[in-house]
Amino acid sequence: MTTLNQSPAEATAAQASPAAQAVGLRKTYGTGGAEVTALAGVDVAFARGHFTAVMGPSGSGKSTLMHCMAGLDRPTAGQAFIAGLDIGGLDDSALTKLRRDRVGFVFQSFNLVPTLTARENITLPVDLAGKKVDSDWFDYLVGQLGIAGRLSHRPNEMSGGQQQRVACARALVNRPELIFADEPTGNLDSNASAELLGFLRRSVQELGQSIVMVTHDPGGAAFSDRVVFLADGQVVGELYQPTPTSVLDQMSRLGAQSDPELGA
Amino acid sequence: MRNVTLKGILAHKLRLALTCLAIVIGVTFVSGTYVLTDTLHNTFYALVGTIFHKIDFQVRGAAQFPTTDAANAVRNPVPEALVDEIRRVPGVEAADGVADGYAQFVSRTGKPIATGAEPTIGESFDPDSRTSELHIVQGRPPTGLHDVVMDAGTAKSHHFSVGEQVGVILTGATQTFTITGIAQFGTADNLAGVTFAAFTLPEAQQAFDEVSELDHINVVTVPGANRAAVQQAIARELPHGVEVVTGQTVLDEQTSSINQDLSFFSTALLVFAFISLFVGGFTIFNTFSITVGQRTRELALLRVVGASRRQVFRSVLAEAAIVGAASSLVGTGLGVLAAIGLEALMSALGYTLPAGPIVFEPRTVIVAFAVGIGVTVISAVGPARRAVRTAPVAAITDRQDARDVSSRRRLISGAAVGLVGVVALAAGLALPKVGLVGLGAACIFTGTAILAPAVARPLSSVIGRPLARLGGVPGRLGRENSMRSPRRTA
């Protein structure tokens, strides 16, 4: 088993390494004739302190890529690294600790525990670790997210935007190396989307947070530093300093060459 | 994690209550059985104690046959002449002979009086208060022919009073007696429903065909006498086939006889408790299986944000333990109430019991909680293990790792357990042995539970075929649904 405690040398290496990296990552479902390839050998690195968007049509493997890189799912082949650590070598309890302490998640459907209040949902990763909540950090987060007045509410007493902001606070509460966001604005109206994306943008700029966000919204992708395009389980392009227009352009170009040639 | 567990339970109060029900009933049986039998044992023991506490020794015929129930043994008669000899033994203060047998009162409407299957006893009245277990509360002792003293229980329930005539069935025809007095045993109106008719000694000897003979002689020693020496001295006077035992021995024999009766009673009740707890365990297993299934997303989410497998496992078991503890608490309380109710019911039916406090032993609480929590937690282990296998990725996708026990393994193990059950049940009924019947029923139950999902697929396919033809799309969907996920029928 690989431990999470790193030597100083490893720590330095980790500083130098990307926040997350995939090397030849493959993922197939089923066997024989029913085999479906979700990831066909992906090589990609997500830089530290950057906001990276992953885009691609449905079935392009972008969610699978995120799951495999975040330790939620096991790849069929290849390696996934988080801060230089090969997560393929981790057993279940080490992976659990990795998710708890070093990675944050934001999902499309908020995924809050319905029976817990906003405060309890936010501190859940800390509580699960049996640690004490850093109250300054907690207050800073809920202040920045504008949910200080909602802390005693249950998820079903909050709007979608509020719920997603609670989920953001939960993702950030353990000061993770990296946040994975899977279509975080998919269930939000445009105002709430803009607010949330603005917060994510600020956390990258002001706190140096690393974020990987799966999205199919060009407007959302324009908040990022870099967009990685996926199709048929492979990286097919990338774009730095995107704007909604440049993202759309790239998408239509990829869409034009996609189906007939790459679909085989 | 504790927070998640507690809030989860409180969010589903109705489900909680329903899940608890069977466990509550089971624990009620356990605690009720213990409270009732402890209470009965205690009151009977006190009762027997008040009857025999005066007697230091009893001289009686040896048992004619070896027996484990010394209190109800058939014994040789004791010659009446022995009484005077025993009275002359140094250290003996009083010795009085008793003849007893069958005597049944007849009610005003001409029906024999009896409480259930309780004995109806006739006995010679011992006027000596130093040895007698009876004391007159109204009227006077019997002095002449056709005088009888009636137990206060019968007098009360059938409204007889001193001076009235009453029919008594002895061996042979019904005879008419005059009630000269009404008597109690210590403070009890009767011996838990046993009716009691006391005659003069000569009349009793006549009636029970024991002329010049006695059933036993009760002996009281002078205060400060060396009892062992007195017992030896008495023993020297006795002819062959007659024995002298201490009052304590008689008391122990009576108590153990009562315990044998009660233990049959408590075994029967505990079998009910067992069945109920088995059903309860089954309900818990099903409820937790379903809730774990429904909570897949939530459990997976907990795994995503960093709950370890152990934390998820403990959370499910903790929920079970809380459910079990709550059920045990309610069940124990209900058990006490049930015991009080049953006792009142017995009194109403005429099994007059001496007043005694409800006995609530620590053992009752310990066993009730151990059984209630134990059954619940053990039943939840399976669902908890399934909860642990929830893949974190299930929080975001609908994909679930289907790792059901294969249908073939299910069929084989289910059939095997069921078969064992049928054999045990048949053997239990044939012998007959209550324990085996219970085991058999439990095995059949378990076997059916294991088999149900495996059988459901082909069965629902067969039943569903005509439905699909008749019902169109909804019918077909339903059929496919239960075929795809056969556990739903469980």
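Above this text you will find the structure in question.
Each value, and the rule that gives it
Within any chain, residue numbers begin from 1 and follow the written order of that chain's sequence. Throughout, the order in which chains and ligands are written sets their labels, letters from A for the former and numbers from 1 for the latter. Selection of residues for local features in this predicted model requires a pLDDT of at least 70, selection of side-chain atom pairs for listing and counting requires 80 or more, and totals for whole chains, interfaces and linings are taken over all residues. With hydrogens and water excluded, all non-hydrogen atoms of the structure serve as input to the side-chain values. Helix numbering and strand numbering both begin at the N terminus, where a helix is a DSSP run of H or I of at least 4 residues and a strand a DSSP run of E of at least 2. Partly exposed describes any residue whose relative accessible area lies between the buried limit of under 20% and the exposed limit of over 50%, with all areas from a 1.4 Å probe on protein chains only and scaled to the type maximum. Note on contacts: a residue pair is in contact if any heavy atoms of the two residues lie within 4.5 Å. Computed with a 1.4 Å probe, the accessible areas rest on the Shrake-Rupley method; for each residue, only the protein chains presented here act as cover. Two rings belonging to Phe, Tyr or Trp (six-membered ring only in the last case) form a pair when the distance between their centres is within 6.5 Å. Interplanar angles under 30 degrees mark stacking, angles over 60 mark edge-to-face geometry, and anything in between is tilted. At least two bridges found by DSSP between two strands are what make those strands a pair. Between N-to-C directions, angles cover 0 to 180 degrees, with each direction set by a line fitted to C-alpha atoms, over the stretch in contact for helices. Oblique is the label for any angle not under 35 degrees, not over 145, and not in the 65 to 115 range, which are roughly parallel, roughly antiparallel and roughly perpendicular in turn. In a left-handed crossing the near helix is turned counterclockwise from the far helix by less than a right angle, and in a right-handed crossing that turn is clockwise. Here the term charged refers only to Asp, Glu, Lys and Arg, the term nonpolar to Ala, Val, Leu, Ile, Met, Phe, Trp, Tyr, Cys and Pro, and the term polar to all other amino acids, Gly among them. Buried area is understood as the total, over both parts, of accessible area removed when two parts are fitted together, assessed with a 1.4 Å probe. A carboxyl oxygen of Asp or Glu within 4 Å of a side-chain nitrogen of Lys or Arg is what we treat as a salt bridge. Polar contacts, as counted here, are pairs of nitrogen or oxygen atoms within 3.5 Å of one another; within protein the pair requires one atom able to donate a hydrogen and one able to accept it, and residues that are adjacent in sequence qualify only if both atoms are side-chain atoms. Residues belong to one nonpolar core when they are buried, are Ala, Val, Leu, Ile, Met, Phe, Trp, Tyr or Cys, and are joined through side-chain atoms within 4.5 Å. Surface patches are drawn from residues lacking salt bridges whose relative accessible area is over 30%; two like charges belong together within 9 Å, two nonpolar side chains (Val, Leu, Ile, Met, Phe, Trp, Tyr) within 5 Å.

Q: Go over the overall build of chain A with me, naming the residues and quoting the values.
A: From N to C terminus, chain A includes 9 helices and 10 strands. Counting all 264 residues of chain A, 52% fall into the buried class. Taking as baseline every contact in chain A between residues at least 6 positions apart, the subset at least 24 positions apart corresponds to 68%. For chain A, the accessible surface area stands at approximately 11000 Å², while carbon and sulfur atoms represent 49% of it.

Q: Account for the packing of aromatic side chains, naming residues and giving values.
A: Across all of its chains, the model carries 5 aromatic pairs over all chains by this definition. Seen in terms of ring centroids, A:F105 and A:F180 are 6.2 Å apart; in terms of plane orientation they differ by 25 degrees. Their pairing is stacked. Residue A:F105 is found in strand β6 (residues 103-107), and its partner A:F180 is found in strand β7 (residues 178-182); the two are separated by 75 residues along the sequence. Each member of the pair, A:F105 as well as A:F180, carries the same accessibility label: buried. Relative to B:F199, the ring of B:F177 lies with its centre 5.1 Å away and its plane at 50 degrees, an arrangement referred to as tilted. Taken together, the positions of B:F177 in strand β10 (residues 174-185) and B:F199 in strand β11 (residues 195-199) put the pair 22 residues apart, joining distant regions of the chain. Each member of the pair B:F177 and B:F199 is classed as buried. Ring pairing ties together the aromatic residues A:F105, A:F107 and A:F180, which thus form one cluster.

Q: Lay out the pairing of strand β1 (residues 20-29) of chain A in plain terms, naming residues and giving numbers.
A: Residue and element names in this part refer to chain A. Where β1 meets strand β4 (residues 77-82), 5 bridges bridge the pair, whose relative direction is antiparallel. Bridge pairing in β4 places R26 opposite A77. Note that β1 and strand β2 (residues 36-46) share 8 bridges and pair antiparallel. Note that in β2 the partner of A22 across the bridge is V44. What sits between β1 and β2 in their antiparallel hairpin is a turn of 6 residues, with G30 showing a positive phi close to 75 degrees.

Q: I'd like a description of the packing of helix α5 (residues 135-145) of chain A against helix α7 (residues 190-207) of chain A, backed by residues and values.
A: Residues and elements named next belong to chain A. Following both chains from N to C, one finds α5 and α7 inclined at 135 degrees, their axes separated by 11 Å at the closest point. Looking at the two axes, α5 sits oblique to α7. In this structure, α5 meets α7 at a crossing whose hand is right-handed. Residue-level inspection shows W137, Y140, Q144 and L145 of α5 in contact with α7, the latter providing F199, R202, E206 and L207. Each residue belonging to the contact of α5 with α7 can be placed in one class, and the counts come to 5 nonpolar, 1 polar and 2 charged.

Q: Got a sec to walk through the sheet that holds β1(A)? Specific residues and values, please.
A: The antiparallel open sheet is built from 4 strands, whose spatial order is β2-β1-β4-β5 (chain A). This sheet does not close on itself; its edge strands, each paired only once, are β2 and β5 (85-86) of chain A.

Q: Which residues make up the interface of chain A and chain B, and what values do they have?
A: The partner chain B presents 24 residues to the 24 residues of chain A that form the contact. Interface area, chain A with chain B, both sides summed: about 2100 Å², of which 62% is carbon and sulfur. Taking the shortest distance from any N to any O, the salt bridge between B:R309 and A:D92 comes out at 2.9 Å. Counting the contacts that link chain A with chain B gives 6 residue pairs in polar contact (both at pLDDT 80 or more). Those elements giving two or more residues to the side of chain A that touches chain B turn out to be α3 (92-101), β6 and α4 (118-128) of chain A.

Q: Any chance you could break down the nonpolar core for me, citing the residues and the numbers?
A: Among the nonpolar cores identified, the biggest contains 66 residues, and A:L25, A:L65, A:M69 and A:F180 are the most heavily contacted of them. It is helix α2 (residues 13-52) of chain B that contributes the most residues to this core, 6 residues altogether. In contact with A:L25, not counting residues within four places along its chain, are A:L39, A:A40, A:G41, A:V42, A:L65, A:C68, A:M69, A:P75, A:A77, A:G78, A:Q79 and A:A80. A:F138, A:I147, A:M158 and A:L188 belong to the second largest nonpolar core, which has 33 residues in total.

Q: I'd like to hear about a nonpolar patch on the surface, residue by residue, with values.
A: All names here are of chain B. A contiguous nonpolar patch, built from L329, V330, L334, L337, I340, I358 and F360 and spanning about 620 Å² of accessible area, is present on the exposed surface. As for its position among the elements, I340 is in helix α9 (residues 309-348). Relative accessible area serves as the criterion here: at 39%, I340 is assigned to the partly exposed category.

Q: Which residues make up unusual backbone geometry, and what values go with them?
A: Backbone phi values are negative for most residues with the exception of glycine, while trans is the configuration of most peptide bonds. Positive phi values are uncommon outside glycine, yet A:A83 reaches one of about 50 degrees. Among the secondary structure elements, A:A83 is positioned in the loop between β4 and β5. The backbone of B:H146 sits at a positive phi, close to 65 degrees, despite the residue not being glycine. For B:H146, the position within the fold is in the loop between β7 (134-139) and β8 (147-151).

Q: How would you summarise the pattern of salt bridges if you had to cite specific residues and measurements?
A: Pairs can form between side chains of opposite charge whenever their charged atoms are close. Counted under the stated rule, the structure contains 22 salt bridges over all chains. Here A:R48 and A:E177 are joined by a salt bridge, their closest N and O atoms 3.6 Å apart. Taken together, the positions of A:R48 in the loop between β2 and β3 (51-55) and A:E177 in the loop between α6 (160-172) and β7 put the pair 129 residues apart, joining distant regions of the chain. Its salt-bridge partner being B:R87, residue B:D96 comes within 3.1 Å of it at the nearest N-O pair. B:R87 gets classed as partly exposed once you look at its relative accessible area, which sits at 42%. Through salt bridges with shared partners, a single network forms among B:R60, B:R75, B:E243 and B:E253.

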